[in-house]
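Descriptive structure summary
Each chain, written out:
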Amino acid sequence: MAGNEWINGYLEAILDAGAKRKEQNQSHLSASVKFKIMAMDRLQYYGTGSDNKEKEAAYSPAKYFVEEVVSRFDDSDLHKTWVKVVATRNSQERNNRLENLCWRIWHLARKKKQIEWDDTRRLLQRKVEQEQGSKEAAEDLSELSEGEKDVKADGSTLYSSRINSNSDTRVIVSDEEDGEAQKEEEHLYVVLISLHGLIRGDNMELGRDSDTGGQVKYVVELARALAATKGVYRVDLLTRQVSSPDVHWTYSEPVEMLSSPPNDDDDDAVSSSCGAYIIRLPCGPRDQYIRKESLWPHIPEFVDRALAHITNVAKSLGEQFSSNPSNPVTTPVWPYAIHGHYADAAEVAAHLASILSVPMVMTGHSLGRNKLEQLLKQGRLTKDDINSTYRIMRRIEGEETGIDVAEMVVTSTKQEIEEQWGLYDGFDLMLERKLRVRKKRGVSCLGRHMPRMVVIPPGMDFSYVNTQDLEKDGDLKMLINSDSSQSKRDLPPIWSEVMRFFTNPHKPMILALSRPDPKKNVMTLLKAYGESRHLQELANLTLILGNRDDIEEMAGSSATVLTNVLKLIDKYDLYGKVAYPKHHKQSDVPQIYRLAAKTKGVFINPALVEPFGLTLIEAAAYGLPVVATKNGGPVDILKALNNGLLVDPHDLVAISEALLRLLADKSLWLECRRSGLRHIHRFSWPHHCHLFLAHLSSLLHSSAPSLSLSSPRVPQSEPLSESLRDLSLHFSTDSPDALATESSIDLHRLRHMESSSKPSFSHGHRQRIFVITIDCYSDEGAIEIHRLKEIIDKVTLLDRSNGRTGYVLSTGSTIPETLEAIKSCNIDPSRFDALICSSGAEMCYPWRDTSADMDYGAHLGFRWPGEHVRETVMKVAKLDGADFDLVFNESASSAYCFAYMVKPESNVRKVDGIKQRLRMRGFRCNVIYTHACRRLNIIPLFASRSHALRYLSIQWGIDLSKVVLFTGEKGDTDCEKLLPGLHKTVIMRGFVDIGSEKLLREEDSYKLEDVVSTEAPNIITLDKDCSTSDMTSAI
């Protein structure tokens, strides 16, 4: 054939791939037809992309050469090759198939090129936005004026004064590394959250599915290690309760003790620790184990249950540590930190930290933006396909929310900070460094915030490692030389299982341990070993690649890897030199490391990219030198341990040379072994916890004001949930006249009750709360008084409990506007227990007065940028090239709400676009369109109507399950966040004609079903004209 010989050669290779397998299945066909059918079948599988959405394409030569053609050659070259193939076509069927093949690859290349072009354009536009935001922030922060140098950050800026939730003495201060001169305070309460997967303390089913992997082991071991750390009193690991028949019954247990409290000799003394616990909270379908991508709409329910649990524990600990047991009011011990793991738990932690005003920590484990970029670069799936499969945009928003609230983000490597977190709108490394410098100098950060990224590698438990045993080789000699079956039975069974593969078991062992995943790059390792005669002569190779019974019954990619392993062993005739046992238990893994170390072997991790590399640390703990990929976490690990060599995972020669160097040079092998053992403590759990608490304490001198709730010592009137059965608590408000305050509500409300019968309940105790959140506005953005009166009348008619029901009105309007609207309905505002106004930025209690609650305002003030963000909103809210369609509304603004009038048909950005640009500039705010898109409210990060409701539930001691929320099918842009949760939600159709949803999200963002479950049993819909009896039966 004429034309480009490289392209022609690749196309011929595609046609020739897989001939032997096709011969078995189609023995009746001629040889040439077999080749062509195989090539076209494989190309069709690769090119259509339909099956790729369901599973990863199997490794094959056809796929390899197609990717080479598509990625290395321009589509014009492919077109020329196709034309030449057509011109030289003859009667042979092979040439006809080659013509068709070339044409299809050409179109595949054009399709991929278009996807890459769209992706590049999107990334370029986002990069421009990031650079512009970073530049604006840098210009504001570039110079320190003479006045700034002596000015401390005040309450209106980023680092507002946070009153420590427990006391000024509850701080851990330590140095960077050796832990000397620590000052540790006791009674710290730490909350960890890991939402997805199956979590239990013993017999963890790691690898059972994609959600039950290394993260499960990480959080369980972290909880145990923190509970064993001096100064930490209690650790709760919150996760989802699963009662499905498809999983073990232990996952339905509400409480599991991970570590027991120590035995104290003095029974009267408070113990130094009460241990660590797994707390399983119901969330979503009770009888289903669902994957993490489907958990998003159930997160609000988990938040509400977690909020109830944490509040009860905090109050219980406050009573326990009270210095005056006779005092009827105690101060709760709120969490020292709430630590969210992965995107879903990070969002949960962000909401809890916002409501309770406690510090939040986040660990990403793996990141959505990084995954999205990798999938887009592959060019096989469009962004819509990726989003529908992985809910990737919802995941990214969860991560961005976590960055907004987090004080600290824990990472495993510096590379993770620079190459992965740098992709997010809410984090800019240079801006973070500038803010950190200003904070140390005591200078205002002008309302901007960036979380502190700290590198704390995952810890390991080295207590089971016997370093003296590593120096002995008697048991190895016993295994190899002894004829006594009794002696061999005393040794680990996995040793015999491995050694039976080897013709010469005396050789050093090259050990690789991973999943049978193409990304782990075991094929390249096996090829490097098979093509190196010296390596085969010097060492044996052991491959621990998961467990298998029948390869044909395994998942596609795993089966392909294992099949190719067997083929390569046969190709290079490596029988007697390579071990590949079918089964091993988790408890066998330490014994496998021991065996490799006793043979003076080497551990290798040749993964294409390794995010961290936990197996490298495990190997080092047993005295094994390592060879590792230079891509990812191993770079930092080897820098710390100095116990091995880094290699290019694609370079067979480099891999074999590195292995030979470590195995053949005994002095180098011994030096690496000793260095690894000497520095391995840097990856221990005690060291991890030491750094975690030290970094956190250094940030908490500038934390947010926390809730101050008191706890009257009265008997519990109702049984708590099973998971809290050992606690007995009550709530009250935080003011000194708390009890008198709620009594005043009752007495004032009783004057307005028509019934003269005396209530049979204690003062200050509501049985339930009715919340009205119907956003009924006209085209001009004015409140529709007749609609408001109609819904208020309908809801108040439901109260037949002689004043035991409280009423709350929640709206995007200001307090004066809301009071005027209520009065226009001929309703006394004092009938309402509370008014939540300005989209959650203000709250007042009209039975007392109409001024905004100052305590609630102090709660919201954390990270509120104030005047610094006012002009920025005007810049970022309008679309590029649009007219100036925003006007600052002075009358609708307040201390914690900046309101802007939006002109009709304005070219303004949607909520997600404004938040993105504010995040890029370091501003953390909530953005809400209200009044039928005629008003834009910019409010503090901790402010929202949803959070305000939960704030009241804690202050008043009302369980959220006793709250009924009435809303419309349309409303403000925050309306969807009001729907889910533990409370009952009643959607009243027909009350709202015009909402603001059109300015909520862009088309390529996540969908409503990722926020609210359409099958939630506590969300019901009623018509506007429904009767009172219909509403009563519904709630």
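Residues numbered from 1 in each chain as written. Predicted model: local features only at pLDDT ≥ 70, side-chain atom pairs only at ≥ 80, totals over all residues. Heavy atoms only, no water.

**What to know about the pattern of salt bridges**
For the coordinates displayed, the defined rule picks out 41 salt bridges. Between Arg-234 and Asp-236 there is a salt bridge, and its shortest N-O distance comes to 2.8 Å. Considered together, Arg-234 and Asp-236 belong to a single accessibility category, that of buried residues. A salt bridge links Glu-301 to Arg-286, with the nearest nitrogen and oxygen atoms 2.9 Å apart. One end of the pair, Glu-301, is in helix H9 (residues 299-320); the other, Arg-286, is in the loop between strand E4 (275-281) and H9, with 15 residues separating them in the sequence. What makes Glu-301 buried here is its relative accessible area of 14%. Taken together, the shared-partner salt bridges connect Arg-200, Glu-205, Arg-208 and Asp-209 into one network. (Salt bridge = Lys/Arg side-chain N within 4 Å of Asp/Glu carboxyl O. Buried < 20%, exposed > 50% of the residue type's maximum accessible area, 1.4 Å probe, protein only. Helix = DSSP H or I, 4+ residues; strand = E, 2+ residues; numbered from the N terminus.)

**Here we look at the side chain of Lys-383**
Position of Lys-383 among the secondary structure elements: in helix H12 (residues 383-390). Of note is the side chain of Lys-383, whose polar atom sits 3.3 Å from the side chain of Asp-1004. Excluding residues that lie within four positions of it along the chain, Lys-383 makes contacts with Arg-122, Leu-372, Leu-376, Met-393 and Asp-1004. (Polar contact = N/O pair within 3.5 Å; in protein donor to acceptor, adjacent residues only side chain to side chain. Contact = heavy atoms within 4.5 Å.)

**Observations concerning a negative patch on the surface**
Where like charges cluster on the molecular surface, the negative patch consists of Asp-549, Asp-550, Glu-552 and Glu-553. Following the sequence through the fold, Asp-549 ends up in the loop between strand E10 (540-544) and helix H22 (556-571). What makes Asp-549 exposed here is its relative accessible area of 61%. (Patch = residues over 30% accessible without salt bridge, like charges linked within 9 Å, V, L, I, M, F, W, Y side chains within 5 Å. Areas by Shrake-Rupley, 256 points an atom, 1.4 Å probe, with all protein chains shown as cover. Lys, Arg positive; Asp, Glu negative; His and termini not counted. Charge placed at Lys NZ, Arg CZ, Asp CG, Glu CD.)

**Focus: the nonpolar core**
Ile-193, Phe-302, Leu-352, Met-360, Trp-421 and Leu-952 are the most contacted members of the largest nonpolar core, which totals 101 residues. No other element matches helix H10 (residues 342-356), which puts 11 residues into this core. Leave out the neighbours within four places in its chain, and Ile-193 touches Leu-237, Leu-238, Phe-302, Ile-338, His-339, Gly-340, His-341, Ala-345, Val-348, Ala-349 and Leu-352. Of all hydrophobic cores here, the second largest spans 74 residues; its members include Ala-528, Ile-551, Leu-562 and Ala-621. (Core = buried A, V, L, I, M, F, W, Y, C linked by side-chain atoms within 4.5 Å.)

**Focus on the sheet that holds strand E8 (residues 452-455)**
If you walk across this open sheet you meet the 8 strands as E3-E4-E2-E1-E5-E6-E7-E8, and the pairing is mixed. Each end of this open sheet is capped by a strand with a single partner; those strands are strand E3 (255-259) and E8. Taken over all neighbouring pairs, the strand axes of this sheet differ in orientation by 25° on average, direction set aside. Examined bridge by bridge, E3 and E4 share 4 bridges and lie antiparallel to one another. Each bridged residue has a counterpart across the sheet, and for Met-257 the counterpart in E4 is Tyr-277. (Pairing = 2+ DSSP bridges. Axes fitted to C-alpha atoms, helices over the stretch in contact; angles between N-to-C directions.)

**Topic: the packing of aromatic side chains**
Overall, the coordinates contain 14 aromatic pairs when judged by the stated rule. Here Phe-888 and Tyr-900 contribute two aromatic rings whose centre-to-centre distance is 5.5 Å and whose plane-to-plane angle is 75°, an arrangement assigned as edge-to-face. With Phe-888 in strand E19 (residues 886-888) and Tyr-900 in strand E20 (residues 898-902), this pair connects stretches of sequence that are 12 residues apart. Members of the aromatic cluster, connected to one another through ring pairs, are Trp-864, Phe-888, Phe-898 and Tyr-900. In this arrangement the basic side chain of Arg-369 is found over the ring face of Tyr-424, its NZ or CZ atom lying 5.5 Å from the centre. The ring of Phe-888 is capped by Arg-870, whose NZ or CZ atom sits 3.6 Å from the centre of that ring. (Phe/Tyr/Trp six-rings, centres within 6.5 Å; stacked < 30°, edge-to-face > 60°. Lys NZ or Arg CZ within 6 Å of the ring centre and 35° of its normal.)

**Remarks on the packing of helix H20 (residues 522-530) against H22**
Between H20 and H22, the shortest axis-to-axis distance is 10 Å and the interhelical angle comes to 5°. Relative to H22, the element H20 lies roughly parallel. Residues Val-522, Met-523, Leu-526 and Lys-527 of H20 form the contact with H22, whose participating residues are Val-561, Asn-564, Val-565, Leu-568 and Ile-569. Class assignment of the residues belonging to the contact of H20 with H22 gives a composition of 7 nonpolar, 1 polar and 1 charged. (Parallel < 35°, antiparallel > 145°, perpendicular 65-115°, else oblique. Nonpolar A, V, L, I, M, F, W, Y, C, P; charged D, E, K, R; others polar.)

**Remarks on the environment of Lys-903**
By the secondary structure assignment, Lys-903 is in the loop between E20 and helix H34 (911-920). You can call Lys-903 partly exposed: its relative accessible area is 40%. For the pair formed by Lys-903 and Asp-885, sequence separation is 18 residues and the distance between their alpha carbons is 5.6 Å.

**Looking at the packing of helix H11 (residues 368-378) against H12**
Closest axis-to-axis distance for the H11/H12 pair is 10 Å, and the angle between their directions is 135°. In terms of orientation, H11 lies oblique with respect to H12. Where H11 crosses over H12, the two elements pack in a sense that is right-handed. Every residue of H12 that contacts H11 at Lys-371, Leu-372, Leu-375 and Leu-376 is listed here: Lys-383, Ile-386 and Tyr-390. Classifying every residue of the contact of H11 with H12 gives 5 nonpolar, no polar and 2 charged. (Left-handed = near helix turned anticlockwise from the far one by under 90°.)

**Here we look at the confidence of the model for the protein chain**
Residue-level pLDDT values for the protein chain average 80, and 74% of them are 70 or greater. Low confidence marks residues 17-61, where pLDDT is under 50. Its contacts with residues over four positions away, or in another chain, come to 70 contacts. Overall, residues 144-183 carries pLDDT values under 50, and its contacts beyond four positions in sequence, including any with other chains, amount to 107 contacts. (pLDDT = per-residue confidence, 0-100.)

**As for the side chain of Glu-373**
In this fold, Glu-373 is placed in helix H11. The exposure class of Glu-373 is buried, given its relative accessible area of 11%. Residues in contact with Glu-373, not counting those within four places in the same chain, are Asp-119, Arg-122, Leu-123 and Leu-423.

**A word on the pairing of strand E13 (residues 626-629)**
Taken together, the 3 bridges between strand E12 (residues 602-605) and E13 define a ladder with parallel strand orientation. When the sheet's bridge partners are listed, Ile-604 is paired in E13 with Val-627. Tracing the backbone out of E12, into helix H24 (residues 614-621) and back to the parallel element E13 gives a crossover that is right-handed. The sheet contact formed by E13 and strand E14 (residues 644-647) spans 4 bridges and is parallel. Among the inter-strand pairings, Val-627 is bridged to a residue of E14, identified as Leu-645. (Right-handed = clockwise from strand over helix to strand, strands pointing away.)

**Considerations on the pairing of strand E22 (residues 935-940)**
Taken across its 6 residues, E22 has 6 buried, putting it largely inside the fold. Examined bridge by bridge, strand E21 (residues 925-930) and E22 share 6 bridges and lie antiparallel to one another. By the bridge assignment, Ile-928 is partnered in E22 with Asn-937. The loop that links E21 with its antiparallel partner E22 comprises 4 residues; one of these, His-931, has a positive phi angle of about 55°.

**With respect to the environment of Pro-1017**
Counting through the fold element by element, Pro-1017 comes out in the loop between strand E24 (984-989) and strand E25 (1019-1023). A relative accessible area of 74% places Pro-1017 in the exposed class. The sequence separation of Pro-1017 and Pro-285 amounts to 732 residues, and the corresponding C-alpha distance is 9.7 Å.

**What to know about the sheet that holds strand E16 (residues 805-810)**
Taken together, 7 strands build an open sheet; the order of strands is E18-E17-E16-E15-E23-E24-E25 and the sheet is mixed. Each edge of the open sheet is held by one strand with a lone partner, namely strand E18 (842-844) and E25. For this sheet the average axis-to-axis angle between neighbouring strands, irrespective of direction, equals 20°. As judged from the 5 bridges shared by strand E23 (residues 963-968) and E24, these two strands associate in the parallel manner. Its bridge partner lying in E24, Phe-966 is registered against Val-986. Sheet strands touched by helix H30 (residues 785-796): strand E15 (768-772), E16, E23 and E24. Its angle to E15, the strand with the most contacts, is close to 165°.

**So, H20**
Buried residues dominate H20, accounting for 8 of its 9 residues. Among all positions in H20, only Val-522, Met-523, Thr-524, Leu-525, Leu-526, Ala-528, Tyr-529 and Gly-530 are buried.

**Let's talk about H11**
Of all the residues in H11, the buried ones are Gly-368, Arg-369, Leu-372, Glu-373, Leu-375 and Leu-376. Down the axis of H11, the smallest arc covering the buried residues is 165°, so these residues share one side. (Arc of directions from axis to C-beta.)

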